[in-house]
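# Residue-level structural notes
Listed below are the residues making up each chain.
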Amino acid sequence: MTDHTIPIKNPANGSIIKEIEKDTPEKIRDQIEQGHNAFKSWARMDAHHRASLLYQWSERIHEQKNEIAEVMTLESGKTINESLGEVDYARSYIDWYAEEAKRVYGRRIPANSEDKRILVSKKPVGLVAAITPWNFPAAMMTRKAAPALAAGCTFIIKPAEETPLTTIKLVQLAHDAGIPEDVIQCVNHSGKLVGDIFTESKQIRKITFTGSTPVGKTLIKNSADTMKRVSMELGGHAPLIVAKDADIDFAVNQTIASKFRNAGQTCICANRILVHENIIEEYSRKLVEQVKQLKVGNGMNEDTDVGPLINEAGFNKVAFQIDNALDNGAELLCGNKYDSDSDKNYFYIHPTVLKNVDQSMRIMQEETFGPVIPMVSFNDLDEAIDISNSTPFGLAAYFFTNDYRTATYIHDNLEFGIIGWNDGAPSAAHAPFGGMKESGIGREGGTEGIEPYLETKYLSIGNL
Ligand code: ADP
């Protein structure tokens with residue numbers, strides 16, 4: 001291992017899978033220049049042609065689904081079944097935006113005099129830089145690259161240092177599919193170094209970022225001097241409300257699906273479970289029965305449900321939150337069992353359920369990013385809504401009820417960008433994903449997801 005390389009670790013056992021070269025600052029600046037130079041011809045290419053190249057990219061990914069999933073599990077630790085699912089999910093963004101490329105419409109506005117015409121058209125913003133996290137190495141990339149390329153932007157990405165191999169593979173497949181090399185590029189170095197180079201560059205016109213709120217804020221500040229467009233998909237702290245008339249079995253099932261995906265390391269996973277006091281005994285009993293069945297282990301084993309945490313810092317944060325809750329009076333229903341080795345560099349936390357949690361505990365105030373369920377009981381719906389809205393985050397929220405009036409009331413009052421009503425898995429390429437408050441700026445997915453890559457250009461024609 002040298003200062004010039006990035007070691008990629010398998011979180012399942014701490015072994016080094018591979019080392020990749022760090023790109024030098026000069027090389028990164030050269031690549032930015034190339035991406036900028038490639039913009040004119042890519043933007044000029046007709047949208048149908050760009051769409052067909054995106055489809056070919058998606059097809060190549062499909063052909064190599066198993067290989068990509070394996071790389072993803074090796075570098076991220078997520079289970080192989082989740083990786084296979086993520087490859088399809090990642091492709092769904094490419095397919096969706098291949099279609100949207102053809103639907104970037106302008107409009108004609110009626111003028112206020114006979115000799116004038118007013119036309120509005122949409123133009124790609126230019127070279128786009130993306131910075132992505134380790135928890136969804138494929139989907140976070142395609143969710144940004146596909147709308148950017150569809151809009152006619154060129155694209156340069158810095159993946160997370162933990163999981164660059166998936167991204168490198170996807171970029172290679174894009175080139176194999178016929179997308180020019182300068183149109184989609186990957187650079188590797190530390191986040192800070194690349195972030196500074198990206199934000200200083202006048203040639204990069206937009207930054208799109210998924211990651212932590214503090215880094216997102218830094219990127220926004222540093223983008224001000226060059227007035228870059230920014231899209232930010234940042235931290236969450238999702239509440240999940242179970243109302244007294246909910247279908248309890250279904251709510252339990254969806255809580256588990258939402259919470260333990262990627263070992264709880266997703267920005268939209270349920271983080272605070274608020275259950276009506278009339279049903280909390282039944283809900284918690286059924287929940288714990290199922291949580292105890294979850295199998296913890298290496299994600300490469302097909303029967304694993306919950307894989308390792310990504311690294312020691314992530315592990316320490318989760319372990320601290322559990323200790324802090326227990327020290328302050330929370331009741332342990334299951335879990336709080338660790339299988340970790342700092343020397344060997346692997347870290348597992350067994351699915352943990354805590355009851356009688358309250359707002360004073362750290363677990364209720366900050367994102368957990370681990371397989372822990374803190375439960376709080378409530379009596380009045382407004383109390384549950386107030387707790388839900390009480391943090392600076394506003395990414396995802398969930399609620400379970402079979403009463404449409406209760407549902408309408410909760411929906412009207414939750415301050416979150418993504419809401420699942422009787423649904424623990426709301427993400428989809430065709431729907432707008434993103435947060436309110438300090439959880440972000442902008443939306444990815446859906447018809448909304450291509451807009452941030454477009455400028456509006458207005459033409460007024462006179463003297464007709
Ligand atoms: P996490 O805690 O999930 O790793 P981060 O926000 O630290 O979240 O990381 C998400 C991405 O942001 C990664 O690609 C990381 O390399 C990058 N990153 C980290 N620090 C900075 C920074 N100062 N500027 C730009 N990117 C950064």
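Residues numbered from 1 in each chain as written. Predicted model: local features only at pLDDT ≥ 70, side-chain atom pairs only at ≥ 80, totals over all residues. Heavy atoms only, no water.

## Some words on the sheet that holds strand β15 (residues 352–355)
The strand order β12-β15-β16-β11-β10-β18-β19 describes an open sheet built from seven strands, whose pairing is mixed. In the strand order of this sheet, the two ends are held by β12 (331–334) and β19 (418–421), each with one partner. Recorded for the sheet is a direction-independent mean angle of 20° between the axes of neighbouring strands. In this sheet, β19 lies alongside strand β18 (residues 396–400) in parallel orientation, the contact comprising four bridges. Within β19, the position partnered with F399 by the bridge is W421. Sitting on the sheet, helix α10 (residues 280–291) is in contact with β10 (238–242), β11 (270–276), β12, β15 and β16 (372–378), with an inclination near 170° to β16. Along the sheet, helix α11 (residues 312–327) makes contact with β12, β15 and β16, crossing β15 at roughly 30°. (Pairing = 2+ DSSP bridges. Helix = DSSP H or I, 4+ residues; strand = E, 2+ residues; numbered from the N terminus. Axes fitted to C-alpha atoms, helices over the stretch in contact; angles between N-to-C directions. Contact = heavy atoms within 4.5 Å.)

## Some words on the site of the ligand
In the region of the ligand, 16 residues are neighbours, and T132, K158, E161, G191 and S212 sit closest. Between E161 and the ligand, the recorded distance is 2.5 Å, taken from a side-chain N or O atom to an oxygen atom. In the environment of the ligand, a nitrogen atom lies 3.3 Å from a nitrogen or oxygen atom belonging to the backbone of G191. Here the ligand, which alone exposes 550 Å², has 75% of that area covered by the protein. Those elements that provide at least two residues to the shell around the ligand are α7 (191–200), β8 (204–210) and α8 (213–223). Looking at the shell around the ligand element by element, the count peaks at three residues for α7. The class makeup of the residues in the shell around the ligand is seven nonpolar, six polar and three charged. (Near = heavy atom within 4 Å. Polar contact = N/O pair within 3.5 Å; in protein donor to acceptor, adjacent residues only side chain to side chain. Areas by Shrake-Rupley, 256 points an atom, 1.4 Å probe, with all protein chains shown as cover. Nonpolar A, V, L, I, M, F, W, Y, C, P; charged D, E, K, R; others polar.)

## Quick notes on the layout of surface pockets
Volume-wise, the largest pocket comes out at about 920 Å³. As for the largest pocket, its lining consists of 40 residues, and the residues nearest its centre are W134, F209, G211, S212 and V215. At the level of elements, α7, β8, α8 and α11 are the ones that each hand at least two residues to the lining of the largest pocket. No other element matches the six residues that α8 contributes to the lining of the largest pocket. By residue class, the composition of the lining of the largest pocket is 15 nonpolar, 16 polar and nine charged. Counting only domains with at least three residues in the lining of the largest pocket, you end up with domain 1 (5–234 + 439–461) and domain 2 (238–429). (1 Å grid on protein atoms, 1.4 Å probe; cavity = no way out; pocket = protein on both sides within 12 Å on 5 of 7 lines; lining within 4 Å. Points joined across faces, edges and corners; volume = space filled by probe spheres on them. Domains from an automatic or database assignment.)

## Concerning the nonpolar core
Grouped together as the largest cluster of nonpolar side chains are 65 residues, with contacts concentrated most on V242, Y283, L287 and M375. One finds W42, L54, A98 and L149 within the second-largest nonpolar core, a separate group that totals 50 residues. (Core = buried A, V, L, I, M, F, W, Y, C linked by side-chain atoms within 4.5 Å. Buried < 20%, exposed > 50% of the residue type's maximum accessible area, 1.4 Å probe, protein only.)

## Digging into the domain arrangement of the chain
Interfaces are frequently sized by the accessible area removed from exposure as the parts join. In terms of domains, the chain is made up of domain 1 (5–234 + 439–461) and domain 2 (238–429). A separation of 30 Å is found between the C-alpha centroids of domain 1 and domain 2. At the junction of the two partners, domain 1 supplies 31 residues and domain 2 supplies 32 residues. Contact between domain 1 and domain 2 buries roughly 2400 Å² in total, counting both sides, with carbon and sulfur atoms accounting for 55%. Area buried by domain 1 at its contact with domain 2 is led by A12, W134 and S439, which between them contribute 21% of it. Joining domain 1 to domain 2, the criterion identifies zero salt bridges. Counting across the interface, domain 1 meets domain 2 through eleven residue pairs in polar contact (both at pLDDT 80 or more). Going through the elements one at a time, α3 (65–76) and α4 (80–100) are the ones with two or more residues in the side of domain 1 that touches domain 2. (Buried area = accessible area lost by both parts, 1.4 Å probe. Salt bridge = Lys/Arg side-chain N within 4 Å of Asp/Glu carboxyl O.)

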